[in-house]
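Structural overview for review
The primary structure of each chain is shown beneath.
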Amino acid sequence: MATFLYRLGRLAFRRRHFVALIWVALLTLAGVGAASAPPAGSTSFSIPGTEAQKAFDLLEQRFPGMSADGATARVVFKAPAGEKMTAKPNKAAVEKTVRELGRDAEVTSVADPYTGHAVSQDGTIAYASVKYKVSGMELEDSSRDALKKAAQDARDAGLTVEIGGDALSSVPQEGAGELIGIGIAAVVLVITFGSLLAAGLPLLTALVGVGIGIASITALASALDLGSTTSTLAMMIGLAVGIDYALFIVSRYRAELAEGREREEAAGRAVGTAGSAVVFAGLTVVIALVGLSVVNIPMLTKMGIAAAGTVAIAVLIALTMIPALLGYAGRKVKPAGEKSKLLGGGRAARKPARPNMGTRWASFVVRRPAAVLLLGVIGLGAAAVPVSSLELGLPDDGAQPTSTTQRRAYDLLSDGFGAGFNGPLMVVVDAEGSAHPKTAFSEVRKEIKGLKDVVAVTPATPNKAGDTAIITVVPKSKPSSKSTEDLVHEIRGKGADIEAKTDAKLLVTGSTAMNIDVSQRLNDALLPYLALVVGLAFLLLIVVFRSVLVPLKAALGFLLSVLAALGAVVAVFQWGWLSGLMNVQQTGPVMSMMPIFMVGVVFGLAMDYEVFLVTRMREAYVHGEKPTQAVVTGFRHGARVVTAAAVIMIAVFSGFIGSSESMVKMIGFGLAIAVFFDAFVVRMAIVPAVLALLGKRAWWLPKWLDRILPNVDVEGEGLRVASSADGTEDERELVRV
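An account of the accompanying structure is given in this report.

What counts, and at which threshold
- Residues numbered from 1 in each chain as written.
- Predicted model: local features only at pLDDT ≥ 70, side-chain atom pairs only at ≥ 80, totals over all residues.
- Heavy atoms only, no water.
- Helix = DSSP H or I, 4+ residues; strand = E, 2+ residues; numbered from the N terminus.
- Buried < 20%, exposed > 50% of the residue type's maximum accessible area, 1.4 Å probe, protein only.
- Contact = heavy atoms within 4.5 Å.
- Areas by Shrake-Rupley, 256 points an atom, 1.4 Å probe, with all protein chains shown as cover.
- Pairing = 2+ DSSP bridges.
- Axes fitted to C-alpha atoms, helices over the stretch in contact; angles between N-to-C directions.
- Salt bridge = Lys/Arg side-chain N within 4 Å of Asp/Glu carboxyl O.
- Core = buried A, V, L, I, M, F, W, Y, C linked by side-chain atoms within 4.5 Å.
- Phe/Tyr/Trp six-rings, centres within 6.5 Å; stacked < 30°, edge-to-face > 60°.
- Parallel < 35°, antiparallel > 145°, perpendicular 65-115°, else oblique.
- Left-handed = near helix turned anticlockwise from the far one by under 90°.
- Nonpolar A, V, L, I, M, F, W, Y, C, P; charged D, E, K, R; others polar.

Notes on the overall build of the protein chain
A count of helical and extended segments in the protein chain gives 25 helices and eleven strands. Counting all 737 residues of the protein chain, 55% fall into the buried class. For the protein chain, the proportion of contacts with a sequence separation of at least 24, taken over those separated by at least 6, is 78%. Carbon and sulfur atoms make up 60% of the accessible area of the protein chain, which amounts to about 31400 Å² in all.

Below, the structure written as structure tokens:
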């Protein structure tokens, strides 16, 4: 592989005009596709095979035109202090609002609070339920404006009015954090390279790669039903790995220049060596992201595949566009140890009187490996302690900041009708096979009313055919509580008895039941997913390092870092530690998809640092150095660049903490803290300590396995032989040795 990539790097350097033209053409093509593509519709959130999804599908068949997945809104009214909602002026204001809402072309129905028994017992709070033809993401802006105007008119009449439901859902607005993250990345690159031009290359190529990726996602969004979160994740991952992959190749190029090689040769060797590490690091990320498909949640599958495509683009750009741009830059990109005129006068920097920081740190670790290993493991173990109290769920309006109208509507409904009113359960009774459907409906309602955590059960609402009915159940507890989850399972547990008595089937659905099913699906898939991703990456790393213990250590180190990162997520988003700093206005359960998502993404990113750092160590070991000295050599060449890469990735991920979308905010924080733990504790401390303790055993590989494994030559040994035919005398002598 190293020889092929070496030739590719030299070709891209020589044919830089052609390579640049190809990437510009791809970016233009993707941009035109995005501009001309139809706007994306709603993102269908389905979980095939679950009871909640089966019930939704049944409702689509038996209640045509019902728009079971259409947007809903609850316009909540509160009377002025000392007054009732039944007072004549207040009632007139509410009825006027209902009439205004009903004029909207996208509204299918509006329930009058006074005819639908939607006034609280104390008479101070009432609500009007609004049902739309389309989902919240498909809703026209004019419909949202009409909803807000109707609410404002009621406020002008003296009422307190808030709006809940998903009708106000819109594409989340990101903060300026992404730009700040890119700015920090630029500063780190300038410090690392000592050159504005060299620092600009990774940023430029990363932005081109992300531009192609995001534009392609936008162009395909309508056809493939891709949501806004898909492009956000692709941008997050694509920026981080795009900068890092380019950083490693540019850094190796400058190191090759410092050894006296011509620029084309240096570009070829940089792509042949660092590029090999980029390919395998990218493969681990792609495996982790594509592996999300085993969860069998289409939205998560699409997110993973789209992000994996952006990573693949980042790898290709690093291998081709970077050497092409280095060809354009010429002598403006200085060898390692030299700075540009702007930053250092253009003169060679003085040789340091003592080894660099990476060498000194690695020397310290290999002298005291047991102590460093113990300290690192204990530290990550302490950070992981909060995982023991992890609570999973999906956010509802109760998780919104208190400044939002959705959250205030949620609180008003809880005050007026009870905590469970915000998460009603929809029980669907399929009596198509029953001889007496009405009896079946009554029997189901009777069974549910007898359960202890139920506040109210509405009469059955049958369809026109009379073979299917909907019964709404209001729990006592809030939607995200364990009691409500137990109630859902209890109702479903009655299904067998109901079917035995009446030949009718009972299904529980609604947003609350759907959230419970999603959480269960994700929990069930976590271990199989972990086994698949870690297993495939383990086999890949055996091929890369030609070792059994090094990949095993890499996998165990990843588990430590991801558990510690999950512990930090629990501490901030569930316990409320540092919530003010992170702008977390409402604590609650951690999103159900967070553990499996972090396992996938963090594993891929963790293996990046493992590959980049340990391949340098293996390269030194293969070329004759002792195991402990190889560790020090790997740090001397790689620690500075890996540190810069980690800081850049942390900065990029941290930029998404400013998102208005709670899911994006949590993912940004989780990935940033995970990269910190993995890069600076696992890879920089635990890895060298373990390798120092293992010595030669770290690179042990059974002979039979050594014979059957392909030789991918990540260390670039083949380049020495390939270049000996037309290389310098020194290179020929090196080959002979």
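From this point, the narrative continues.
Here's the deal with the sheet that holds strand β1 (residues 72-78)
Taken in spatial order, the four strands line up as β2-β3-β1-β4 in an open sheet, and their pairing is antiparallel. Each edge of the open sheet is held by one strand with a lone partner, namely β2 (107-111) and β4 (160-165). When the angles between neighbouring strand axes are averaged without regard to direction, this sheet yields 20 degrees. Summarising the sheet, β1 and β4 pair through six bridges and their orientation is antiparallel.

Some words on the pattern of salt bridges
Evaluation of the coordinates by the stated rule reveals 23 salt bridges. Across the salt bridge formed by R492 and E51, the nearest N and O atoms sit 3.1 Å from each other. On the criterion of sequence distance, the pair formed by R492 in helix α16 (residues 482-493) and E51 in helix α3 (residues 51-62) is long-range, its members being 441 residues apart. When its relative accessible area of 17% is taken as the criterion, R492 is described as buried. A salt bridge links E256 to R252; the shortest N-O distance between them is 3.1 Å. In this pair, E256 and R252 are both assigned in helix α8 (residues 228-258), four residues apart and thus about one turn of the helix distant. In this pair, the class of E256 matches that of R252, namely buried. Connected via shared salt-bridge partners are R10, R14, E264, E265 and R269.

Concerning the nonpolar core
Core analysis: the biggest nonpolar cluster contains 170 residues, and Y245, L300 and F653 have the highest contact counts within it. Excluding residues within four positions of it along the chain, F653 makes contact with M236, I237, A240, L605, G668, L671, A672 and V675. One finds F77, A93, A151 and L159 within the second-largest nonpolar core, a separate group that totals 25 residues.

Quick word on the environment of A565
The topology assignment puts A565 in helix α19 (residues 549-574). The spacing of A565 and P386 is 179 residues in sequence and 10.0 Å in space, taken between C-alpha atoms. Discounting chain neighbours no more than four positions away, the residues touching A565 are M598, G670, I673, A674 and F677.

A closer look at the pairing of β1
Remember that side chains alternate between the two faces of the sheet whenever the strand is regular. Most of β1 is tucked away, with five of its seven residues classed as buried. In terms of strand pairing, β1 meets strand β3 (residues 125-132) through seven bridges, oriented antiparallel. Pairing of V76 across the sheet is with Y127, part of β3.

Observations regarding unusual backbone geometry
For residues besides glycine, phi is generally negative; the peptide bonds are generally trans as well. Located in the positive-phi region is N296, a residue other than glycine, with phi close to 65 degrees. Inspection of the secondary structure assignment puts N296 in the loop between α9 (263-290) and α10 (298-329). Its identity is not glycine, yet D503 carries a phi of approximately 65 degrees, on the positive side. If you trace the backbone, D503 turns up in the loop between α17 (495-502) and β10 (505-509). With relative accessibility at 48%, the residue D503 sits in the partly exposed group.

A few points about the packing of aromatic side chains
Each aromatic ring pair is specified by the distance between its two centres and by the angle formed by the two planes. Tallied over the full model, the rule gives nine aromatic pairs. Consider the rings of Y127 and F421, whose centres lie 5.1 Å apart with planes at 65 degrees: the pair is edge-to-face. Residue Y127 is located in strand β3, and its partner F421 is located in the loop between α14 (405-417) and β6 (425-430); the two are separated by 294 residues in the primary sequence. Across the pair, exposure class does not vary: Y127 and F421 are buried alike. Measuring from centroid to centroid gives 5.7 Å for Y621 and W699, while their planes differ by 20 degrees, and the two rings are stacked. Here the residue Y621 occupies a position in helix α20 (residues 594-622), and W699 occupies one in the loop between α22 (662-694) and α23 (703-708), the gap between them amounting to 78 residues. Classification of W699 by relative accessible area gives buried; the value is 11%. Each member of the aromatic cluster is reached from another via a ring pair, and the members are Y127, F417 and F421.

Description of the packing of helix α12 (residues 357-367) against α22
Two elements in contact, α12 and α22, have axes separated by 8 Å at closest approach and are oriented at 50 degrees. Between α12 and α22, the interaxial angle falls into the category oblique. With respect to the hand of their crossing, α12 and α22 are arranged in right-handed fashion. Touching W361, V365 and V366 of α12 are M684, A685, P688, A689 and A692, all from α22. When the residues that make up the contact of α12 with α22 are grouped by side-chain class, the tally is eight nonpolar, no polar and no charged.

Focus: the environment of A469
Relative to the helices and strands, A469 is located in strand β9 (residues 468-475). Linking A469 and F441, residues 28 residues apart in sequence, is a C-alpha distance of 7.0 Å. Setting aside residues no more than four positions away along its own chain, A469 makes contact with F63, V427, V428, V429, F441, A460, T461 and P462.

A word on the packing of helix α18 (residues 511-545) against α20
Each pair of packed helices can be summarised by the angle the axes make with each other and by the distance between the axes. Contact geometry for α18 and α20: axes closest at 10 Å, N-to-C directions at 15 degrees. Judged on the interaxial angle alone, α20 and α18 are roughly parallel. Considering the relative orientation of α18 and α20, their crossing is right-handed. Contacts from L522, A525, L526, Y529, L530, V533, V534, A537, L541, V544 and F545 in α18 reach P595, I596, V599, G600, F603, M607, E610, V611, V614, T615 and R618 in α20. Among the residues forming the contact of α18 with α20, the class breakdown is 18 nonpolar, two polar and two charged.

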